[in-house]
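# A look at the structure
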Amino acid sequence: MKWMLFSPEIFYLLAALCFLLLSMTGRLHRRRDHHIALALAVAGVAVCVASLQLEGSLFSETYKIDLFSQVFKLLLSVGLALVVGICSELRGIQERYEHEVYLLLFPCTLATMLLVSSIHWLGVYVSLELSSYSLYILVALRKDWTQGIEAGLKYFLVGVFASAMMLFGMVILYGTTGTLDVKQLAQILPGLMSHAAVVVGLLLALSGFFFKLAVFPFHFWAADVYQGAAHQIAAYIATVSKVAAIAVLVRMVAMLGGSSDYFVHVLAVLSVVSMTVGNLAAIAQKDLKRLLAYSTVAHAGYVLIGILSMNPGGYAGAIFYAMAILVMKFTVFLVLVKVAWDGTNLEVDGLAGLHRRSPLLAMALMVALFSLAGLPPTVGFTGKFLIFTAAMERGHFALVLIAMINVVISLYYYLLMLRAAYLLEPQEQCSPLSLSAPIKLLAGALVVVMVAAGIFPRYLMDLARNAAQGLM
Amino acid sequence: MVTLNSYLTLSAVLFSIGAVGVFTQRNALIMYMCIELMLNAVNLTFIAFSRYLNDLGGHVFVFMIMTVAAAEAAVGLAIIMALFRNKETVNVDEINLSKG
Amino acid sequence: MPMEFAGFPFLSAILISCLAGFFIILCLPEARAREIKWVGAVCSGMTLALAIYLFFAYDKSRGGLQFVERVQWIPSLGIQYFNAADGFNLPNLLLSGIVFFTGVLTMWELEIRVKEFFALYFLMVTGVFGLFMSMDLFFIFVWYDVSLFPMYPLIAIWGTTRKEYGAMKLTLYLLAGSALILPAILYLFVQSGLNTFDIVRLMQPGTFTAYQQKFAFILLYLGFGILAGVWPFHTWSPVGHVAAPHGVSMVHAGVLMKIGAFGVLRVAMFLCPQGWQHWAQLMALLASIGIIYGVLVGLRQTDLKYVIGYSSVSHMGIVGLGLSTMTVSGLNGAVFQMFAHGVMTALLFSSVGYIYDRTHTKAIAELGGLSRIMPVASGYFIVAAMAGMGVPGLASFWGELLVLLSAFETYPIRGTLAISALAVSALFMLRVVQKTFYGPANPKYVDLQDVPFSLGVPRMILVTVILLFGFFPSLLLDMIETASIPFINGLPR
C-alpha cells in the first residue's frame, strides 16, 4: 500500500506520458488535446484531494508525505487545472509546438510536487531542475520567436546560475555536516548555526528557491520572462511555480532555520529589498505583464516576512498567502488572456473600456487588484494579516511598518490598472468580449473565492495552521 | 601531499572564475560555459568532501549533477542555437535582454 | 459558532440592509436606473429608520454598551464580530443614516453608470456603519478599508475637477493612514498577550505599560488623524472634496472624516489613555493650527467646493481640539461637533451640488445674485453656511461652544487663537454667501429653475436636523454624556 502515498505523482507521470504518446501521433487536434488536458488536470485535483490525509515517507525516508506536502500538492494541481482552463486558444504559442505545451506542463507540475515532498538535497535538486527545464522550453515557445527565445535564454542563464549557487551552498553544508539528508541536517545544524560557513551555505542552498520565487537578487529574470512568455505560460510561472517555491522555502527554513539571528537578518534584508525594489520598479512599467512580474517580486518579499518569523503563525501565514497568490494572480492572468485574446502583449492602457466590454471581467480584475494590494475583505488581506501578526509576535515591528508602506506604494499602480479598466475609453471602438459560459463561471467563482476566503477565512486558516503544525 | 584544503582552494578558485565570468562575459555561449565551470567546481568539492568524510552520498550527487548538466546542455544549447538562427548573434548585449 | 445576541440584532440589521441594497443593485440590469435608485432609497431609508430607532431605544439611564452582538469569527486569533452601541457611536450612526439617505436622494439626477455608482456607494457606506458599531480592532480595520477603497472609483469616474488626481491622492493618503494603523493594532494585540482584538477587554487598566501606550497612541493618532484631516495631513481633503461627486462629497466630508476622529476616540484614546495624556499637547497644537490654517487658506479660495473643503479642515480641527482637552465637556463638544459638522457639510455639498448641476460652475466669481434666481436652493446653502459660522440656534453652535470653553480652560492661548480664527471664518463664510447669492446676477443663469419639492427633500431633512439639534442640544448631549462621563472618570490619574 505504500505506493498509494505516491499516487498524485504517479498520476501526473502517467498524464505526461499520455501527452508524450499524443504528441507522437503527429497531427494537431487542438480541441481534443485541450479537453484531454482539462479532464486529466481536473482528475489530478481529485486525486490530490483524495490523498490529502495521507501520511508517511518513501524512498528510505527521503521523501516525506504529510499534510503540508499534500496541501501544497492540492494547490499545485488546482493551479495546473486553472492554467489548463485558459489554454483553449494558445495563440501565443507557435503552432508547430502547440501540442508540446501540455507535454511540458504536466511533468513540470509533477516536478513541483516532488519538490514539496523532498527532504533530501538530491531530490530537491533534481526535481527543481526538472521543473525549471520544462519552463525554460515553455517560455521559448512563444509565437513571437525573438521575444520568446530571448526570454527563455535569460530565464535559462539566471536559472542555471542560481542552481549553481544552490549546489555550492549544498556542498558547503555537506562539507560542514557530512550529510545530504535534510532531516539529519535538521538535527545537526542548530548547534552549528553560529558558524558563518553554515549560515552562508544555508543561504546559498536556498538561492535556488529565491530564484523561483523571484526574490532579490534573483529577480532579474522575472520581468523579461513574463513579457516574453505566452500569457498562459506566464500565468503558470506566476502561480504554480511560485507556490512550489514558497512551499519548499517554508519547509527548508522550518527544518533548518533554527534560531540564528544572522540568518533572520539576511532574510529580513532580502524581504525589504524585494518589496521595495519590486514595487518601485512596477510603478514605472507600461507593459501589463512586466508590471505583474515586479508585483510578484514584491509579493515574494511579503511571503519572506512570514517565513523569517519562524513561528507556526508565520508558516501558516506563508501557506495561506500561497493560496491567495494562486487565486489572485491567476484572476489577473485570466483577464489578460481574455483581453489580449490574440496572444500579443498588452499595455496597461490596453485594458481601457473593459468595464463596458465585459463587466464581469472588470469586476474580477477589480477584486483581484484589491486583493493583491491587500485590502480587506479579500483573501490577500487575510494573508498579509496573518503574516504581519506572526512577524509582530517576533517583534519585527519595523518590518511590518515597511511592508505596510510598501502596500501603499503598490496600491498606486494597482489603482492605475483599475483606472485603465474602469475609466479610460479605448482609442478605437472595441467590441464586447465574448466569453464562453465556463469562463464566465470561472471568473465569477474566482471573485466569490477571493471575497469569501477574505470574509470567512477560518477553515482555510485552520488548514494552513494544521499544515504548518506538522512542520515543527 | 594534496590535502582537502588544496581541493577546496582549487574549486573555490574555479567557482569564482565561473561566477565572475557570468557577470563579465557577454557571449551567451561563454556565459553558459562559465556556469558549467561553476558546476564542475561544485562537483570537485563534492568529491573531495566525499573522500574526506568517507561518505558515498557525495559521489552519487556528482553523478546526478553530471546527468542533469547533460540535460541542461541540451536545453540551453537548443535555446542558444534558436537564438543564433534568428538573430545571427549570441551576444546578450545585442538582444534587448537587460532593459528595465 | 458561539453567538451572543441581546435581543434583535438591530446593528447587524443596518449592515444587512446596506449589503442587501448592494447585492440587489448588482443583480439589477444597468438600464433600469429608476429601479436602482428606488432600491437605493429604500435600503438607505431603512438604515436611517434603524439608526433613529436605536438612537431613541438606547437606555440612557443604564448607559454602557447596549444592543451587544457577538459572534466568534476566528477563534484562534481571538477575532470576534462584536458590535455594540454606546453614547459615542450612536450619534455617529444616526449621522451616517441621515447623510447616507440624503446622499442617495441628492444623487437622484445621476444618469451615467448608475448601477456601478450605487453599488460602490453602498459598499462604502457599509464600511462606515460597520466601523462605527464595531468593538473589535480587527473589524474596525477591515471596515476602515472597506469604506475607503470604493472612494477611488467613485471619485475618479463620476468626479469633476481634477478628478483622477484627487482620487489618487485621497486614496493613497488614507491608505497610508491604514499603514500606520495596522502595525499599531497588531502591536497592541501582541503586547497585551490576551490573544484578543476585543476593545472592551483590551481597555482594562493595566493591560499596557505607559511606554506601549505612548508608542501605539501616536501611530494610531496619526493614522486615523490623516482621515480626520489633521493638519499637516489634511491636503487630500479639499482636493478630494472638490473632485468627488456631490453625494460622495457629502458622505466623505460628512461621515468619512468623522471616522478618523471616531477612530482616534475609539481605538487610540480608549486603549491608550496614558498615551493620550502624553500626546494631548501635540494634539491640541495640531488641531489649533488646523483651525487657523483652514480659515486662512479658505479665505483665498475661489471655488465654492474648495471653500467648504477648507472650512471642513478647520471644523475638524475643532473636533480634534475637543478630543485633546481630556475633559467631559470637551469630549461632549467634540462628538457633538462631529455630528453637527457632518449634517452641516452634507447640506453645503448637497446645495452646491444642485447649483453646480444647473450652472456647471463652482467658481464664486461667476456666480452671483443666485438668491433671486433660485431662492430656495440659496436658502439651504445660507442656512448651512450660518451653521458653519456657529450661529446660535443651529446645531454646530453647541459643539463649538463646548469645545472652545473647555479648550479655553485647558489651553488658554490656543483656545483664544482658535476663537479668533473662528471669528475670521464667520467673515469668510459671509463673504462667500454675499458674493454668490447677492449682488448682480450673472445673466447666463437667470432662467434657471429653483429646487422643485421632490429634489428638495434631502436638503429639507438636513435643515430640519440642524434646527432640531440646534434648539434641543440635550437630545444629543444626554446621549454622549452616558459615555463620556464614565470614560473620563475611569481615566488613570
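Residues numbered from 1 in each chain as written. Chains lettered and ligands numbered in written order. Predicted model: local features only at pLDDT ≥ 70, side-chain atom pairs only at ≥ 80, totals over all residues.

So, on to the overall build of chain C. A count of helices and strands for chain C gives 20 helices and three strands. The principal-axis extents of the C-alpha atoms in chain C amount to approximately 70 × 55 × 40 Å. Relative to its 493 residues, chain C shows a buried fraction of 61%. Residue pairs at least 24 apart in sequence account for 81% of intrachain contacts in chain C once pairs closer than 6 positions are excluded. (Helix = DSSP H or I, 4+ residues; strand = E, 2+ residues; numbered from the N terminus. Buried ≥ 20, exposed ≤ 12 C-beta atoms within 10 Å, placed from the backbone. Contact = placed C-beta atoms within 7 Å.)

Here we come to the overall build of chain B. Scanning chain B from N- to C-terminus turns up three helices and zero strands. Starting at the N terminus and walking to the C terminus, you meet the elements of chain B as α-α-α. A total of 100 residues make up chain B; the buried ones form 32% of that total. Here the contacts in chain B between residues at least 6 apart in sequence split such that 46% fall between residues at least 24 apart.

This next bit is on the arrangement of the chains. By contact count, the leading pair among the two pairs of chains in contact is chains A and B. There is a gap between chain B and chain C: no contact, and a shortest C-alpha distance of 25 Å.

All right, on to the interface of chain B and chain A then. With 32 residues of chain B at the interface, the matching set in chain A holds 30 residues. If you list the elements that add at least two residues to the side of chain B that touches chain A, you get helix H1 (4–24), helix H2 (28–53) and helix H3 (57–87) of chain B. Of all the elements, H3(B) adds the most residues to the side of chain B that touches chain A, at 16 residues. Among the residues making up the side of chain B that touches chain A, the classes are represented as 23 nonpolar, six polar and three charged. (Nonpolar A, V, L, I, M, F, W, Y, C, P; charged D, E, K, R; others polar.)

The subject of this paragraph is the interface of chain C and chain A. If you look at the interface, chain C gives 23 residues, while chain A gives 26 residues. Counting only elements with at least two residues in the side of chain C that touches chain A, the list comes to helix H5 (137–148), helix H6 (151–158) and helix H7 (163–192) of chain C. The element that contributes the greatest number of residues to the side of chain C that touches chain A is H7(C), accounting for 12 residues. Its residues placed into classes, the side of chain C that touches chain A shows 19 nonpolar, two polar and two charged.

With eight of eight residues buried, H6(C) lies mostly within the body of the structure. Looking at H6(C), one finds that the buried residues are Met151(C), Tyr152(C), Pro153(C), Leu154(C), Ile155(C), Ala156(C), Ile157(C) and Trp158(C). Next to the buried residues of H6(C) lie helix H17 (397–422) of chain A together with helix H4 (114–133), H5, H7, helix H10 (236–243) and helix H11 (246–271) of chain C.

Attention now goes to the nonpolar core. Core analysis: the largest hydrophobic core is formed by 438 residues, its most contacted members being Val343(C) and Ile466(C). Broken down by element, this core gets its largest block of residues, 21 residues, from helix H13 (residues 312–339) of chain A. Non-local contacts of Val343(C), meaning those with residues more than four positions away in its chain, are made with Leu95(C), Ile98(C), Ala395(C), Leu462(C), Val465(C) and Ile466(C). (Core = buried A, V, L, I, M, F, W, Y, C linked by C-beta atoms within 7 Å.)

Further remarks concern the pairing of strand S2 (residues 66–74) of chain C. Two elements, S2(C) and strand S3 (residues 79–85) of chain C, share six bridges in a ladder whose sense is antiparallel. Bridge pairing in S3(C) links Val71(C) to Tyr81(C). (Pairing = 2+ DSSP bridges.)

Residues and elements named next belong to chain C. Note on placement: valine 242 falls in helix H10. Owing to 24 C-beta atoms within 10 Å, valine 242 belongs among the buried residues under this scheme. Sequence separation between valine 242 and threonine 161 is 81 residues, and the spatial gap between their C-alpha atoms is 6.5 Å. Contact partners of valine 242, with chain neighbours within four places excluded, come to Thr161, Gly166, Asp303, Lys305, Tyr306 and Gly309.

Let us look at helix H1 (residues 10–27) of chain C. Residue and element names in this part refer to chain C. Its 18 residues place the ends of H1 25 Å apart at the C-alpha level, agreeing with the 26 Å of an ideal helix rising 1.5 Å per residue. All buried positions along H1 are accounted for by Phe10, Leu11, Ile14, Leu15, Ser17, Cys18, Gly21, Phe22 and Ile25. In this fold, the buried residues of H1 make contact with helix H2 (33–57), S2, S3 and H4. (Expected span 1.5 Å × (residues − 1).)

Residues and elements named next belong to chain B. Along the chain, the position of arginine 51 falls in helix H2. Classification of arginine 51 by C-beta neighbours within 10 Å gives partly exposed; the count is 13. With 47 residues separating them in the primary sequence, arginine 51 and leucine 4 have C-alpha atoms 9.0 Å apart.

Attention shifts here to unusual backbone geometry. The phi torsion of most residues other than glycine is negative, and most of the peptide bonds are trans. The peptide bond linking Pro376(A) to Pro377(A) adopts the cis configuration, its omega dihedral lying at -5 degrees. For Pro377(A), the location among the structural elements is in the loop between helix H15 (359–373) and helix H16 (379–393). Residue Pro232(C) is bonded to the preceding Trp231(C) through a cis peptide linkage, with omega at 5 degrees. Along the chain, the position of Pro232(C) falls in the loop between helix H9 (210–227) and H10. Look at Asn54(B): it is not a glycine, yet its phi comes out positive at around 55 degrees. Here Asn54(B) shows up in the loop between H2 and H3. Note on Asn54(B): 7 C-beta atoms within 10 Å, which makes it exposed.

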